[in-house]
Every structure is written in structure tokens, then in C-alpha cells.
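# Architecture at a glance
Chain residues, written in single-letter form:
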Amino acid sequence: MTGISAEHWQAISAISTVLLIIITGIYAYLTYRIARSAETQSWELNRATVIGRIRISQSTLLRLEILNIGKTNAVDLKAQINRPVHSTIQTKRNLQELPFFRNGLKHLPPDVPVAFYLGQSHSWLNEDANREMHPSAFEVNISYTSSGRSISETLH
């Protein structure tokens, strides 16, 4: 019985080295993927999240609220309404003309709503209401930055 020659040991060593390099490359790639996933999850948990909602306050007043329910400020927030929406109370202006919709906000902190009164629910939701001025449905397009990433959302 003869021993393994030096040439065979070199071949085995070369194959083992190549396999080790491949395994190390796979390990490095998987580690990179895990780190990227953790970074994305962390950003999702800590980012600003702006929502829109219609609330009824004081039992009868409809109110449009833009609210950041996230954990950090929404920065450079811009908002646009896709059609004219007129309030039936106060100044009776088109909401599109208000400074919030024309100029936006530098910062919208968490849990601080920006509110716009639309009118009394019984007149706003009445079937005889002027739907050109008081639409039953509209969209608010919001764009802002959170932790250096740009976000655009449409609130229905």
C-alpha cells in the first residue's frame, strides 16, 4: 500500500481552498443580505408615516386631518388636493388655496394633526350638496422626506 503522493495532496489542497473561498463568498453574501434587511426593518419602524382621515368633531363638524403617526418628523412635506374642495364654514375658501397646500410644511412632528374643517356633516353629506364644491370623494397627494428617504403617498 502506498501513500498519497505530493501531487495528490496539492490537488486536494487546491480543491479545498476553492471550496472554502466559495463557502466564504456565500457566507459574506448572506450576511450582507441580513444586514440590509435589518436596516430596512429599522427604517420602517422609525420613519415618519403620514395619513389622512376625515373625523367628526363636536358631534357635527367634518374635519380633514393630515397626521404623522410615525416616530420621526416628516420633513419638507408637500400636499396637493386633486380637485377643488370648499369648506361650508368659516372663510368658505377652496382648501387648495390655503398656505398648507400652497407652501407645505418644513416639519410635521408625530401626533400633531393639521386639521381643516369641511363643514357640518348633515349639510356636507346631504344628497342636494353641490358636489363640485363639496365632493364626496377626493385625493390628497403627500410627499415628504423621512430619515433621508423620499416618500410619496396618495390619501383617498
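Residues numbered from 1 in each chain as written. Predicted model: local features only at pLDDT ≥ 70, side-chain atom pairs only at ≥ 80, totals over all residues. Heavy atoms only, no water.

Pairing is antiparallel in the open sheet, where four strands are placed in the order E4-E3-E6-E7. Bordering the open sheet on either side are strand E4 (105-108) and strand E7 (149-155), each of which pairs with just one other strand. The mean angle between the axes of side-by-side strands here comes to 35°, regardless of whether they run parallel or antiparallel. Relative to E7, strand E6 (residues 140-146) runs antiparallel, the two being bridged by seven bridges. Of the residues in E7, the one forming a bridge with Ile 142 is Glu 153. (Pairing = 2+ DSSP bridges. Helix = DSSP H or I, 4+ residues; strand = E, 2+ residues; numbered from the N terminus. Axes fitted to C-alpha atoms, helices over the stretch in contact; angles between N-to-C directions.)

Our next topic: the pattern of salt bridges. The final tally for this structure, using the stated rule, is six salt bridges. Salt-bridge contacts for Glu 153 lead to Arg 47; the nearest nitrogen and oxygen are separated by 4.0 Å. Residue Glu 153 is found in strand E7, and its partner Arg 47 is found in the loop between helix H1 (6-46) and strand E1 (50-57); the two are separated by 106 residues along the sequence. Lys 106 is the salt-bridge partner of Asp 76, the closest N and O atoms lying 3.1 Å from each other. (Salt bridge = Lys/Arg side-chain N within 4 Å of Asp/Glu carboxyl O.)

Attention now moves to unusual backbone geometry. Phi is positive for Asp 76, which is not a glycine, with a value near 50°. Note that Asp 76 resides in strand E3 (residues 74-81). When its relative accessible area of 36% is taken as the criterion, Asp 76 is described as partly exposed. (Buried < 20%, exposed > 50% of the residue type's maximum accessible area, 1.4 Å probe, protein only.)

On to the pairing of E3. Relative to E4, E3 is paired through three bridges, and the arrangement is antiparallel. Residue pairing in the sheet places Ala 74 in a bridge with Leu 108 of E4.

Core analysis: the biggest nonpolar cluster contains 26 residues, and Ile 66, Leu 77, Leu 95, Phe 101, Phe 116, Val 140 and Ile 142 have the highest contact counts within it. Broken down by secondary-structure element, the contributors of at least two residues to this core are strand E2 (61-68), E3, helix H2 (99-103), strand E5 (114-120), E6 and E7. For this core, the element with the highest residue contribution is E3, accounting for four residues. What Phe 101 contacts, discounting residues up to four positions off in sequence, is Leu 64, Ala 79, Gln 80, Ile 81, Leu 95, Gln 96, Phe 116 and Val 140. (Core = buried A, V, L, I, M, F, W, Y, C linked by side-chain atoms within 4.5 Å. Contact = heavy atoms within 4.5 Å.)

What follows is about the side chain of Asn 94. As for its position among the elements, Asn 94 is in the loop between E3 and H2. Apart from the residues lying within four places of it in its own chain, the contact partners of Asn 94 are Pro 84, Val 85 and His 86.

Turning our attention to the sheet that holds E2. Read from one edge to the other, the open sheet built from three strands follows the order E1-E2-E5, with strand pairing classed as antiparallel. Bordering the open sheet on either side are E1 and E5, each of which pairs with just one other strand. Going across the sheet, the axis of each strand differs from the next one's by a mean of 20°, ignoring polarity. Bridge analysis of E2 against E5 gives six bridges, and the strand direction is antiparallel. Paired with Ile 66 across the two strands is Val 114, which belongs to E5.

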